[in-house]
Every structure is written in C-alpha cells, then in structure tokens.
Amino acid sequence: MTVKSKLREIVGTDNFSDDPDVLNKYSKDFSLVPAGVPNYVVKPKTVEEVQKIIQLANKNRLPVVPTSSSVHFNGAAIPKQGGIIADLTRMNRILEIDEFNRRVRMEVGVTWEKATRELAKKGFRLMMPLAPHPMRSAVIDHLEREVITNTVYDYGEPLQSMEVVWPTGEIFRTGSASVAGYPDSPSKGANPSGPGLDFYRLLQGAQGTMGIVTWANLKIEYMTTVDRVLFAPVDDLDYTIDFLHRILKLRIGQECLLLDNTDLAALAAENWPDDFEELRATLPPWTLILVLSGMARRPEEKLKYEENMLKDIIKNEFSEIQLDNNLPGFPGIGRKLLPLLRQPWPKKTPYWKNRYLGGCQSIFFITRPGMAPQFADMVEEVAAQYGYPVDDIGGYIQPIEHNRACQMQFDIFYDPDSEVDVELVRSLYRDAISVLASQGALFTRPYGELADLVYESATGYATALRRVKKVFDPNNIMNPGTLCY
Amino acid sequence: MAISKEAYKVLEAIVGDEYISSDPVVCEGYRSGPGGYEAGLGYERVMTKVPGCVILPLTTEEVQKIVKVCNRYKVPYVPYSTGWYGPRSHCHVDDELLIDLKRMDDFEIDEKHLYAVVGSGVIYSQLQEEAMKRGCYIIVGGGGSQCSAIANMLGDGWSPLSYRIGLPHRRILGTELVLPDGELVKMGSLALQDDPFWGDGLGSDLRGLLRGFTGLRGCLGIVTKMAIKLLPFQPERLTPTGISPHTTLQLPSNRVKWINFTMPSKESMKKAMFEMARAEIGAGATKVPIFWRAIAKASCKEEYWDIWSKESEETIKDFHLLRVLLVGFGSEEQMEYEERVLNDIITEIGGEARRTRPTDESWFKNADSAGMWLMCGGYVSVDYVIETLEHALPHGENYAELKKKFTPPLMPDYGDPGWFQSFELGHQGYSEFLVYWDPDENTDGVDHFYLETSKENIRKRFYTSLLGPHQPLYLTGPAYGPNYHKWMLAVKDEFDPNFLSHPPVPLAHDEFVEKAEWMRPMKDWKSPKLP
Amino acid sequence: MLKGKVSLDVTNLDNFEYDMSKCIKCKGCYWVDHIYMPGVNFSTRCPSATRYIFDSYGAYGKMRIGLALLEGRMEFTDELLKTLYACPLCGACDVGCKRNLDLEIELTLEALRIKAVQDGKGPMPAHKKVAKKITEKHNRFGSPHANRNKWLTKDIKVAAKADVLYFVGCSAAYVNPEIARATAKILNAAGTPFMLMPDEWCCGNMLYSVGMIDEARELARRNLEAVRKTGAKTLLVSCAEGYRTWKVDYPKMLDISTDDLGFKVVHLTELVDELIKQEALKLTKPVDMRLTYHDSCSLSRLSEPWTPWKGERGKWGMVSPGLERRRGSGGVYQQPRDIINAIPGVELVEMVRMKENAFCCGAGRGTQEAFPDFAAWAAEQRLFEAKTVGAEAIVATCPWCKDNFARVARQNGEDLKIYDISELILASIEG
C-alpha cells in the first residue's frame, strides 16, 4: 500500500487531499515565512487516527506538520520539508466544562469563537490574548504562550494537562490527566506537571515539533458582573510604565494594556478606512487601558476600593496620569473596547491586523517594561532607514505578572500583494529583530527565521534541546526545519 | 570508603584542599539517618550510604568541572543542598562523591521586577526576609524555612499561600543546570542574556527537565543558580516576637489576618473554599488537621500525647476547622472588603469564627515545620497531591481507610483524613497525608504502607506526587501516562548514560523493593533486571 | 538507650542515644530562628558550622558522629576530636533544636567530650596544659595563686561577712582587674556589702567544658563546700562562664538541683537591674555612646537552672516522669538591656543576631585555648556585625568575651571599643 492509500484508509477519503490547490493553501500563511508545500493533507477526527498517521510517518520517515487552526500568522505550520499536514480542525469538541473546578477540556480544533461562546453560556470566560482571530485554536494559542491581556491572576498560565501523541506514536496524557482511565477518575486533569518529567513544558512553544496535542485542560474564570473601563492618554511612556509598576502590584483590575494610536485605531475603527485614519490621527501616541471589574459578591464595593486605591496613588504619586472612564475626544470607546477584550475578533469583520493594508508582520518579545520606550525608538530608527512610515507601525505593550515584565509587540503593516512592500518589510523585519535581540529583547517564540537568530546566540540551549528532541522524535519527523531542528 | 586517589587529587585542585574531604569523620557527618524525613525507615537503612568523599564547590564552573571529573573517573555523585529531604537526597552507592552546595549562597534581588536570584545554599527564610523587606513575599514550601530555596522549588514549593499564588513551576525563572555530563544549560532568559528575569524557554521549554511534579532528586543534573519569582505583598512589617521556643510573627491586623472558622462539616469547608474562590478573595484557605493544633498547644512531646489521647474517632469526625488568610495587598479597604465577603460566605454556610491569634509561625516563615517530628520522632508524607478539591477529599479519605490496616505501627490518628486546601483560587485542590511512627519499633509496616499507597493511587486512579524517584518506577510507570517511565529513563539515558548522577535514582525505590526481604512479597509488577 | 531507663547524666553517652538518633537534620541548630532570620547576612548562629562548613561541624553532623561512636562504628581520631572541640558549646544548637523538638543537644555534646576523656583520647593538648595550671596554681593562667586578690584597691570596701559573696573568677582576678574593681565599686556604691572567698580557686569552667568531669567535680565539691562555709546567701559573679559553671554545671556534676546549692547564683546584671528598679542604685552620669550589647552565651541561653532527672523512655519516645526541658527562654536577656537603657546618654543599637540568636564570641569553654584562630575568627564575625549596626562600642557581660573581642580589635586595628557592662555601670555611677 502506498502512503497515500494508507492515509486515506486512516482518515477516510473525504479527509485526505493531495490536490495541488489544497496543498497550496497550506503552503503559506499571513507571515513572511517562505512557502513550503506539503505532500499530503489529512484531517483526523480522533486521537487514534492521529496516532496511526504518526506511526505511518515514522515508518516512512515523512515529516508531519500539525495544525489546528485555519488561520496562521507565524509560519509555524508551513512545512519546511514537505510531508503530511495533520489538520486537526475537525477535532473541535468541547469535551467538558467543569464548573466546580473552573476548567474546560477541549480539543485543539476548538476555535476562540466557539470556546468563548460556549463558555459564556455557563458564565465563564477563557483568558485571552489581545483580540485573537476567531478561527485560531484557543488551545494552541495557549500552548504557544500567547500573552494574555489579564494581569491580575497570580497563578497565570491557564494551560493544565493535555493529551499528546508523541512523535514515536504513543498516546500520552500529561499532568494529572495521566491517571489510567482519565477522565473517568477522581483526577480532573487540573495539574499540568508531571508525571516524572514536566512534559507540558517541552510541548509549550514547541511549534508542533515535540508531538501532536489533541486536547488540553485550561483554567477558566467567571465572567465579571460589573466592569469599568478606564483610559489614560499617554505622552510619557516611562512615566506611565512607572505608574503601572506601582498599581499592578496591588492586584487591581482585570485587563491592563498599552496600545499606540495605530493599533488602537485598527482595533477600534468601525467604518473603515475613515474611522481608522481619523482615530490614528487624533488618538494620543499611546493609550493606557485598565479594566476594573467586580466579581460574584459585592461587586460595586470591589470597584470602589480599587478606584479609591487608584485615586490615592494618582493624587499622591502620579498626578500627571489622567485615568478616566473615557478617553477625551472618544466617547463610547469603553463600550467598544470591552467586548474586544473579552471576545475574539468578530468573525464577519476582516481581522484587525489585516484591515489596514492586508498584511501585518508582528515583532513580539519579552522585556523589562522600562526598556519599552527604547525598543520603540530602535524600531522607529530601523523603519526610518527603510523609509517605512513610522505612523504605520502599530505598538502594543502588554504588562505581565504585576508588570515585572511585559510583551512588546510591533505590528508592521504592509501590502502583501506588492512585492516591493513584501521585500522591504522582510528586510526591515530582519534588521529590526537583529537590533532588538542585540539590545536584550527576549524572543522566546522564535518563528521562522527568528529561530536562526535566536539559536545562534543560544547554542548551549539549542544543543540541549536537540538532545531532548532526539529522545522524543528520533526520526525527526515532527515539523522538521522548525526551531533549531 | 573513598574515591580513587587520582580523582581526589583532581577534585582537590578544583576547590582547594580546604573544601574537600574523604575523612571518615567528615563523611559520617553526612549520613542520612537515622533521624529525619522518611529516615529510620527501610529505604533509609537499605539504600543510603555515607559518602566516600565530600566536596564543596563555590561556583557553577567548579560544579561543572567536578561533574566532568566524575564522568572521567566514573565517580558517582549526588548533589546536596541541605540534606533536609532525607534519604532520597543522600548517597546511595559506595565510594560516592557528595557535592555539598552550601557555599553557593549568592543572592541578588530585584524588587521592581519581582525576582530574586539565589544559589543552592540560600534557604527560604533568608529569601522570605529579603523579599519582605522589600514589600514582596514568596511561598515557603511545607518542608519549612530550612529548605534550600532551589531544592524546594525543584521538588515541592507549595503551602496554604498557594491558594493565590499557585504552582511553583512557573515561579522558576532563569536557571542554570549542570547536566550529568558537566555541560551547562542556561534556561529562560539566561539562555540568551545575562539577565535571569524570565523563565520561558526559547521555543520548547527545557524547564521540563527540572522537576516533573515533585523533583528528580538531582538524577538529571545539578541546578546551581535560579531566579525565583517574588509576589507583591503588603507594606506593613510582620514583626518577629517572643523568645525561643515561642517565637512568632506578629501580624499587622489591618493588613494581614488569619481567621479560624469552625464549620459544620467537611463538605461545608469545601463549599466555603469554593465560594471564596468564586469571589476571588483571600490569600490562603486550608483545613487544619486537629493533631497540628495539639502540637501547637503542647510544650513538649508528653504534653502532646496528653492532649492527643483525649481525642477519638468521634471528636475527629466532628472537627472541621477552616483557616483563612486575608491579606490587604492593596489597601486596608481591600482587606475590609474581603472580610465582609468572607463573613457573608461563612454565615451562609453555617460556620463560626473563632478567636484567632494575630500571629503566624507556620506559613510566612514556616519556622515550626520541624514540629512534625515532635510527636513520634518519625514522620513522612506518604502523599501530597495537587489536583482539585474533588480529588483531595476522597484521596484523603481513602488513605485514612487504608491506613487503618497499618495502625500500628503508624500513630493512631482516629481516622483523620489528612489535610486539604484550595490552590489557585479554587482551580486546584491539595491534599496531603502525613504519617508518624515510633522509629525505635519495627517499621516494616510503614514501608509497606508507603508502597501500598502507590498501589491504591493506581487502583483508584488518583494522581500522586510520589512518582518518578519516589516509588518503584516500574510500578507507577505503566500506570501513568501511560509509560511515563519510558520517557524518564530515555531522557536519563541521553544525559547520563553512565548513571553517575545520583545512582540508582530514579530506580532507587525499585532497587529497595528488591533488596529488602520484607518488601519483596509486595512486588506484584513486572520489571526488567535493574542496572 | 532508646527505650527504658534514661537520665540526663552526661557521664554516660548511652543516655543520649535517643537524642543522637532523632536529629532530623533541619539545621535549626545552625540557622538563626527562622522567625528572626535577618536575610542573607548574619543568618547563622553556630560558629563551628559557619567556620568549618562541613556538616560534621554542625550539631546535625555531631549527632551522627556521636551515634557512630556509641555504636562502635567510629573511633576517636584527630579529626573527630577537632569536630568535638572546635566548638564553644555556646548552646545555640540546643536552643535552636528545642524551638520545635525535645532533643538534648548541648548535653549530648558535653557527654561526647566526657567520653573522649573517659576513653583517654581527649581533651586537646592545650586543655591538658591549662588543667595542669588549674591543679597547680588554682587558676587557668598558671599565675601565682597568691596574686589572686591583687586586683583589690584600697578604695574598695570588702566585708568580713556578708550575705553576698563576690566570686571574682580567674579572668577578672588576673587579666581583667577592671571588671573586678568595677563590680566591687558598684556593690559599694549600692550599699551592698560583699565578701570574697577566703581562698578562691578556679571555678573549673574549662575542666568541665572539655570533659574532664572528674577533675571538675572534685573542684566543684571543694568550691561548693568553701562557699557554704561562708554562709553566703548569694554568690555573685561578673563572669558569664562562671555564672553557668556555678548555676548549672555544679549541680549537674553533683547530681543536685540549682536550688539545692544552698545559695542563689546571681550575675552582676541581675543584681544591678534589681537595684535600679528598687531605686537603690541610680545611674546618673551620662555616658555618651552608641553601643551594642552582646549576649554572652553562658548568661543567656545556657543559664537556666538545673534539675537532675532520671526516668524511663517508652512508646513514641515519651519520657516519664515528665521533664521540663531547658530551652533557653529563661536566660538573662532583658536585664542587661534595661541597665543599658537606664544609663543617660547611651544609645543602644541591637545587633542583627541577639538574645537566643546571638553569635558566640568563640572564646568560651575551652575553644580559645585549643583553637585560638577559630576564636579570633568568631570574634571578627561579631565585631563586624557590631560595626554594621553603627555601634561605636560593644558591651558584654563576660571577661572571656571582652578579652577575645579586645584582642581581635587590637590585632585588626579596629576603632570599636570593647567594654564589660560593669565598666559602663560604674562610669554612670562615678562619671
């Protein structure tokens, strides 16, 4: 039997394709990562099918590239060496919503849109990155360590236990889901760690190179009962960051983020492009957004003490911060933004990153918040060298864990249909990441060519990673050519 | 007992003659037991040895060199921070090198970015005090303030304060790990820069090699430096007061408060924890086992037994004490709010506040963990599990039932179903089952019970922290994952093919069962010939 | 003996088999009490383990070594003797352990030294030299016995008979006469008549401390009888080591309780504190100084009265009859501080490690004699700690402490002034 026929046997002919048009769709995405064509696409429905696919791939030394979303921005699911695309979008069941323990177990094909909708019915929400694409896999976004907008929960990291098929073809459950017979067990899968090793850590950020995750447990939170969205225009980023150092240690608020005028305009504009241009021109350089919320009990009292804390601090220590229910000149922006922070991007609206020019190359990294203004300057300098209009750079600073760190994100918008633009942005991107890395920007999610830059500077880490990879994937079939493999 | 002369000379050249010794008196000082955590039991008697040589490095570079020399001369070694964890942290084979890391006590702290960088020689109370001076705090693991912060962060790292702060795994930031072949892996941001503030890996996260649930006992390398996340605290001082043995921290009652509540039932405690979590209030929520109260009240062992002997199954069954910690992290007003909400909850459920001392010696500085040995001289936790509250309660109850078959030699606890608490604002629950025995009597029953709990976990599908090196690997391996042991051993084989790093861990308990004649009848699982 | 008959008799190491076998290696004997832990600096209170670093030098190591000795698995070697004797027996370990447990660490360490001597292996050669001096000249310096009262000056009134007997001690008599004089003058100023021993001999502190219990006991019997003969109701000392020897070790050696001595053993600071509070003594002259107070071990954590005990140990390690253990809480901690605070002009700043957490000066109980480098090192640690809190001077209540601090301060060219509390008190009386 040929590989093709075996694959068809595993998933059924309807869920198999080697049609060039179909293959072509998987060969590229919204990133600048060069196209790479797979040989086959399969859409399994069960973990047993996934297992058989991997076993077959091992036998034939064929690469397997897992993908769980129908939309990609980072190039991780573009095959570098051909092989089989294992498209898990059919594995889209929400398996359990565990209200007592505030946990959802869902397959990797569950989209943000579906997850948010179904959880809302029970009064729950899932911690989210900023306005994720509705068709992205919620599990995979967490597995890939997308940074969430909520800063208040000390325990962070929603990801708990998972089911994975190892590159050698074994089905395995991590954490407390590893008990025999799970979920038919007293164990609910709430502990991500163990057994024996912290397998979940090896799977995080792995871009599908360590195995195929089929479902995961994630922490969910109650929906808030009352919210107040506060804004502050920001002229002085350093000053505002100091303010955040002060207030975020007090465990107030739910979401807290900084957006520059371009990104905020791209998110908030309704009538496109007029609203966008107007917003971009009139919004302050940066805007601080802080959402205060009340929970199940005495919610107004909670809001009150949080507001009092803020008032005191602003009065006594940060008098230049003008934190208010609304952004002067932008009535109703709070009403607009709260759903954006609590829901994925609306399905029917072109994705905010693609609305402006069609393409967007994001540069994101972790850093100390105080470094943010300098990094912003660096990116502007690089952009200027390429004649790229600084106004077209979107900026987003996401404080993390009481503002002890932050994720900085620069969104470089461009026209993907213009070869000139594409090449310019590609070169700009290359230079920018190089400059940023040399100044301490921490790229913990090295997609595409960023991986070469990162691992060349972290040879010790790369060596150890390869040794671990060898154990789990001796034939190097899982998404080869990715990370440092 | 000694290591080869050639190896000794080379090692001496690395650290200087003042910091190495194979003198039998020095080495005897590093004997595991007979007293200590899990000590006096069969595992300690059968599996532990006095080292052949002890060395005290100062830097990561020295540790690397030492490990490379061990590889060259095939000298087995074990890393040792304080030796507090008992036999599993001591030498297990003859002529073994014990690498005592206590000199590696460098310390830096960055309160703005909420982390401290420590060497293996820094213990929790040092770190906690430095953190608190700067308006921060950490979780001091249940093992107590005397734990090496790094060692505990690799194998434990939780306490009732985990209610808000959660799993220790994500408090491990930039870390240096000397692999069993002597190569150095820097993890987190240290992989790329000389700044340990961030913990995530570059792509795949190699922190996965550090601990599993409860640690690898050093069989996969030696951590020499770790940045540990701090959490923001409140600004008032917790004032040390009293003279030994009655020392305690005076809590600033406007910002930090423990409140004990008597509750009508165990279920009501669970409900209270659930409601607190739903309301997102509190900084700690734990059941109080009654015999701990007896320890706290007793001024000596005899007084403890005087108090304890008055208890019975009836009194235990009816004793439901919930201890809640409130911290006004942000303001007094916040604390007042939380106290109002807490009272709403307790009133609804039918609990009652008791007079509670405004002091703490147990959790912020955890100065009294050694009191676990007061009662009997022997103690071990046969399990401590983070899962959910729904797992925690039946887990403890199951053990209580099982324990009856092994009492004596275990201390009578009148069916107490162990300790449980809420973690991560209710996303997780914790249960721990502690047992005590008289080490000067026959302890075979304790060894049996210890292993039997592992089998019970498998039978009943409980998760457990006692995997990996803690129980026979070939027993637990097939039952969890399944076959997690295969991966552990494969990773071990990749990084330590000569089995020099703390041999025979992770197969030590397997070996114990083979070696100890009173354990052999318990072996009803398959395993290959042990290396 | 793990179960069965057991007592606190230090001449039989078997009595401490339980204690040695139940050390849990928590190192509460090494670290400052975690409640008081000051951070990463000044975090330990065991000088031996801090200096020599290997676990064998902490009580956790010594308990294991002691058990090996008892069980015949180990023999006395030079290293073993060093492990036992490079230790000021300061009691930090005992108090640290007893915060949570019921183990007799200090007594075990004493018993181990006694065993070393019993087995003909100990004490250290330097100790034997001093023992010879004590035997021959009744003082530890080997100075002429006839010179013992030379410290007395004409302005000091000594009563022929009084309720209070001032036991001067070798140090104050021979090398720290300023302490003896100050003490005597304080008593005079307070209108408290005192007498001296008709023939004062060394108290035998070092002899007992290094395990020469037979010699120490003989001396104790002689000294006790001599004091009883005087009819003294109070034996006053100005030396912490002497205080502990009289109050604790004498009864211990003679298998009686402190109460059975027939007189109270009182340190100068206890007396002066009482006199101040009764307003029988007024400290009026200012002493303008920023100073810190060093808790001498033998006055503080080692000083609780002794009661002999014997009984049985049974199930769970419980003993009967019940035993109230000496945990250090009843030591003389507050009185010296109250005295200092009563002196006008003095600013008392506390060191990081204070009271039961104090770091021993390193000189006492045979350490200075056999391990002078170690004693100097310990003193250096303490002086550094004093300077860290901005003290200009350090005050102790023991000539051993004072001497050791002063020697090291001199050698290192330190500015820090070293005083005995008697000097400070006198300065505030006389000006």
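Structure first, text after, so check above.
Read on for a plain summary of the structure.

A few words on the overall build of chain C. Counting its regular elements, chain C contains 18 helices and 11 strands. Here the C-alpha atoms of chain C give a radius of gyration of 21 Å, agreeing with the 22 Å that 2.2 N^0.38 yields for 431 residues. When its C-alpha atoms are laid out on the principal axes, chain C stretches across 60 × 50 × 40 Å. Each of the 431 residues in chain C was classed as buried or not, and the buried ones make up 68%. By element, 50% of the accessible surface of chain C is carried by carbon and sulfur atoms, the whole surface being about 14,500 Å². With 60 positive and 55 negative side-chain charges, chain C shows a separation of 2 Å between the mean positions of the two kinds.

Next up on the list: the interface of chain B and chain C. Reports often express the size of an interface as the amount of accessible area lost when the parts come together. Each partner contributes to the interface: chain B provides 72 residues, whereas chain C provides 55 residues. Roughly 5,200 Å² of surface becomes buried between chain B and chain C when both sides are summed, with 60% attributable to carbon and sulfur atoms. Residue Glu441(B) pairs with Lys3(C) through a salt bridge whose shortest N-O separation is 3.8 Å. At the surface where chain B touches chain C, the tally comes to 36 residue pairs in polar contact (both at pLDDT 80 or more). When contributions to the side of chain B that touches chain C are tallied by element, the ones reaching two or more residues are strand S1 (20-21), helix H2 (24-28), helix H5 (124-133), strand S12 (239-241), strand S13 (248-250) and helix H10 (301-308) of chain B. Take the side of chain B that touches chain C: its biggest share by element is 5 residues, from H5(B). The residue inventory of the side of chain B that touches chain C, partitioned by class, reads 31 nonpolar, 22 polar and 19 charged.

Okay, the interface of chain B and chain A next. Taken together, the 91 residues of chain B in the interface contact 97 residues of chain A. The contact between chain B and chain A buries some 8,300 Å² in all, and 58% of this surface belongs to carbon and sulfur atoms. Considering only the surface of chain B that becomes buried against chain A, His427(B), Arg461(B) and Trp487(B) emerge as the three largest contributors, covering 10% of it. Counting the contacts that link chain B with chain A gives 18 salt bridges. The partner of Arg461(B) in a salt bridge is Asp184(A), with the nearest N and O atoms 3.2 Å apart. Taken together, the residues of the side of chain B that touches chain A break down into 43 nonpolar, 20 polar and 28 charged.

Our focus in this paragraph is the environment of Ile14(B). Residue and element names in this part refer to chain B. Mapped onto the elements of the fold, Ile14 is located in helix H1 (residues 5-15). Residue classification places Ile14 among the buried positions, given a relative accessible area of 18%. Separated by 55 residues in the primary sequence, Ile14 and Val69 place their C-alpha atoms 9.8 Å from one another. Non-local contacts of Ile14, meaning those with residues more than four positions away in its chain, are made with Glu62, Lys65, Ile66 and Val69.

Residue and element names in this part refer to chain C. Judged by pairing direction, the sheet is parallel, and its 4 strands sit side by side in the order S9-S6-S10-S11 without closing on themselves. With partners counted over all chains shown, the strands left at the sheet margins are strand S9 (346-348) and strand S11 (417-420), one partner each. Sheet twist, expressed as the average angle between the axes of neighbouring strands with direction ignored, equals 35°. By the bridge criterion, 3 bridges tie strand S6 (residues 289-293) to S9 in an arrangement that is parallel. Counted as the bridge partner of Arg290 is Glu347 from S9.

The subject of this paragraph is the sheet that holds strand S8 (residues 319-320) of chain C. Residues and elements named next belong to chain C. What the 3 strands build is an open sheet, ordered S1-S7-S8; its pairing is antiparallel. In the strand order of this sheet, the two ends are held by strand S1 (4-7) and S8, each with one partner. Both S1 and strand S7 (residues 310-313) contribute to a ladder of 4 bridges, which runs antiparallel. Across the sheet, the residue bridging to Lys5 is Glu312, located in S7.

It is worth spelling out the arrangement of the chains at this point. Across the 2 pairs of chains that are in contact, the largest number of contacts falls between chains A and B. Considering only C-alpha positions, the minimal separation of the non-contacting chain A and chain C is 22 Å.

As enumerated under the stated definition, the model contains 117 salt bridges over all chains in all. Counted as one network, the salt bridges with shared partners bring together Arg145(A), Glu157(A), Arg201(A), Lys219(A), Arg170(B), Asp200(B), Asp205(B), Arg207(B) and Glu424(B).

A word on the state of the cysteines. Counted according to the given criterion, the structure contains 0 disulfides over all chains. The thiol of Cys406(A) is not disulfide-bonded; the next cysteine sulfur, from Cys256(A), is found 11 Å away. Free cysteine Cys360(C): the closest other cysteine sulfur is in Cys297(C), separated by 3.6 Å.

This next bit is on the packing of aromatic side chains. Residue and element names in this part refer to chain B. Applying the stated criterion across every chain, the model contains 70 aromatic pairs over all chains. Note on Trp292 and Trp363: the rings are 6.4 Å apart at their centroids and 45° apart in plane angle, and the pair reads as tilted. Of this pair, Trp292 sits in helix H9 (residues 290-297) while Trp363 sits in the loop between strand S18 (359-360) and strand S19 (378-387), and the two are 71 residues apart along the sequence. In terms of burial, Trp292 and Trp363 fall into one category: buried.

A separate point is the packing of helix H1 (residues 3-11) of chain A against helix H3 (residues 47-60) of chain A. All names here are of chain A. In contact at an axis separation of 9 Å, H1 and H3 are set at 165° when each is read in the N-to-C sense. Overall, the two elements H1 and H3 adopt an arrangement that is roughly antiparallel. As for how H1 packs across H3, the hand of that crossing is right-handed. In this structure, H1 uses Val3, Lys6, Leu7, Ile10 and Val11 to contact H3, whose residues at the interface are Glu49, Lys52, Ile53, Leu56 and Asn60. For the contact of H1 with H3, the per-class residue count stands at 6 nonpolar, 1 polar and 3 charged.

Cut-offs used in this document
Residues numbered from 1 in each chain as written. Chains lettered and ligands numbered in written order. Predicted model: local features only at pLDDT ≥ 70, side-chain atom pairs only at ≥ 80, totals over all residues. Heavy atoms only, no water. Helix = DSSP H or I, 4+ residues; strand = E, 2+ residues; numbered from the N terminus. Rg over C-alpha atoms; globule rule 2.2 N^0.38 Å. Buried < 20%, exposed > 50% of the residue type's maximum accessible area, 1.4 Å probe, protein only. Areas by Shrake-Rupley, 256 points an atom, 1.4 Å probe, with all protein chains shown as cover. Lys, Arg positive; Asp, Glu negative; His and termini not counted. Charge placed at Lys NZ, Arg CZ, Asp CG, Glu CD. Contact = heavy atoms within 4.5 Å. Buried area = accessible area lost by both parts, 1.4 Å probe. Salt bridge = Lys/Arg side-chain N within 4 Å of Asp/Glu carboxyl O. Polar contact = N/O pair within 3.5 Å; in protein donor to acceptor, adjacent residues only side chain to side chain. Nonpolar A, V, L, I, M, F, W, Y, C, P; charged D, E, K, R; others polar. Pairing = 2+ DSSP bridges. Axes fitted to C-alpha atoms, helices over the stretch in contact; angles between N-to-C directions. Disulfide = S-S within 2.5 Å. Phe/Tyr/Trp six-rings, centres within 6.5 Å; stacked < 30°, edge-to-face > 60°. Parallel < 35°, antiparallel > 145°, perpendicular 65-115°, else oblique. Left-handed = near helix turned anticlockwise from the far one by under 90°.

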